Amino acid sequence: MDNDCLFCRIANRQLKADIVEEADGLLAFKDIHPQAPTHMLIIPIEHIPSVAQLTERHTLLIGNAIHMANRIAKEHQLSQTGYRLVVNCGLQAGQSVDHFHVHLLGGRKMLWPPG
Ligand code: DGP
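Residues numbered from 1 in each chain as written. Predicted model: local features only at pLDDT ≥ 70, side-chain atom pairs only at ≥ 80, totals over all residues. Heavy atoms only, no water.

> Help me get a handle on the site of the ligand, residues and values and all.
Close to the ligand lie 15 residues, the nearest being Lys-30, Asp-31, Asn-88, Ser-96 and His-103. A distance of 2.9 Å is found between a nitrogen atom of the ligand and a backbone nitrogen or oxygen belonging to Lys-30. A distance of 2.9 Å separates an oxygen atom of the ligand from a polar backbone atom of Gly-94. Protein contacts shield 84% of the accessible area of the ligand, which totals 500 Å² for the unbound molecule. Listed by contribution, the elements that provide at least two residues to the shell around the ligand are helix H1 (6-11) and strand E2 (26-30). Tallying contributions element by element places H1 first for the shell around the ligand, with 3 residues. (Near = heavy atom within 4 Å. Polar contact = N/O pair within 3.5 Å; in protein donor to acceptor, adjacent residues only side chain to side chain. Areas by Shrake-Rupley, 256 points an atom, 1.4 Å probe, with all protein chains shown as cover. Helix = DSSP H or I, 4+ residues; strand = E, 2+ residues; numbered from the N terminus.)

Structure, rendered in structure tokens:
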């Protein structure tokens, strides 16, 4: 837990968020600035600054994060239409919160390449 970290504070219920699911050391909640009709964030409860800090110790956790994203996508009827999982790492990728998170975006046509 990093007291200066926004997502740690959400994970510890010190800050409010629209929580969708908690399981396997992970939390899913709605993004405050949705970029698609469905926009969730999946975070580990443990403070991990970015994808670059992941180690072998986190392999199961990260696998479970993808499973959680797939499960939520299915619950939101996105399985047929498709959806996007995004992980931003560092400044140039536009990471704005230094706590590892997976974006789940769906419900509209996505463009490629991303901006
Ligand atoms: P990124 O740019 O990849 O670091 O994404 C951070 C996301 O976090 C961004 O889409 C907006 C979201 N966000 C920032 N602050 C809050 C907050 O206080 N609550 C929620 N639910 N989402 C937040």
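> An account of the pattern of salt bridges is requested, with residue identities and associated values reported.
In the structure shown here, the tally under the stated rule is 4 salt bridges. Asp-18 serves as the salt-bridge partner of Lys-30, at 3.7 Å between the closest nitrogen and oxygen. In this pair, Lys-30 is assigned in strand E2 and Asp-18 in the loop between H1 and strand E1 (19-23), connecting sequence segments 12 residues apart. Arg-71 serves as the salt-bridge partner of Glu-21, at 2.4 Å between the closest nitrogen and oxygen. With Glu-21 in strand E1 and Arg-71 in helix H2 (residues 59-75), this pair connects stretches of sequence that are 50 residues apart. On the basis of relative accessible area, Glu-21 is assigned to the buried category, the value being 15%. Under the relative-accessibility criterion, Arg-71 is labelled partly exposed at 32%. (Salt bridge = Lys/Arg side-chain N within 4 Å of Asp/Glu carboxyl O. Buried < 20%, exposed > 50% of the residue type's maximum accessible area, 1.4 Å probe, protein only.)

> Lay out H2 in plain terms, naming residues and giving numbers.
In a regular helix each residue adds 1.5 Å, so 17 residues correspond to 24 Å; H2 covers 25 Å between its end C-alpha atoms and thus fits that length. Within the sequence span of H2, burial applies to Leu-61, Asn-64, Ala-65, Met-68, Ala-69, Ile-72 and Ala-73. Residue Gln-77 follows H2 closely and has a positive phi angle near 60°. (Expected span 1.5 Å × (residues − 1).)

> Give a description of the sheet that holds strand E3 (residues 38-44) that names residues and reports values.
The 5 strands are arranged E1-E2-E3-E5-E4 in an open sheet whose pairing can be described as antiparallel. With one partner strand each, in any of the chains shown, E1 and strand E4 (83-86) form the two edges of the open sheet. Adjacent strand axes in the sheet meet at a mean angle of 15° when their direction is disregarded. Where H2 meets the sheet, its contacts fall on E1, E2, E3, E4 and strand E5 (102-106), and the angle it forms with E1 comes to roughly 140°. (Pairing = 2+ DSSP bridges. Axes fitted to C-alpha atoms, helices over the stretch in contact; angles between N-to-C directions. Contact = heavy atoms within 4.5 Å.)

> Describe in detail the pairing of E1, supporting the description with residues and values.
As paired strands, E1 and E2 are joined by 4 bridges and run antiparallel to one another. Counted as the bridge partner of Glu-22 is Leu-27 from E2. The hairpin turn running from E1 into E2, its antiparallel successor, is 2 residues long, and Asp-24 in that turn takes a positive phi close to 55°.

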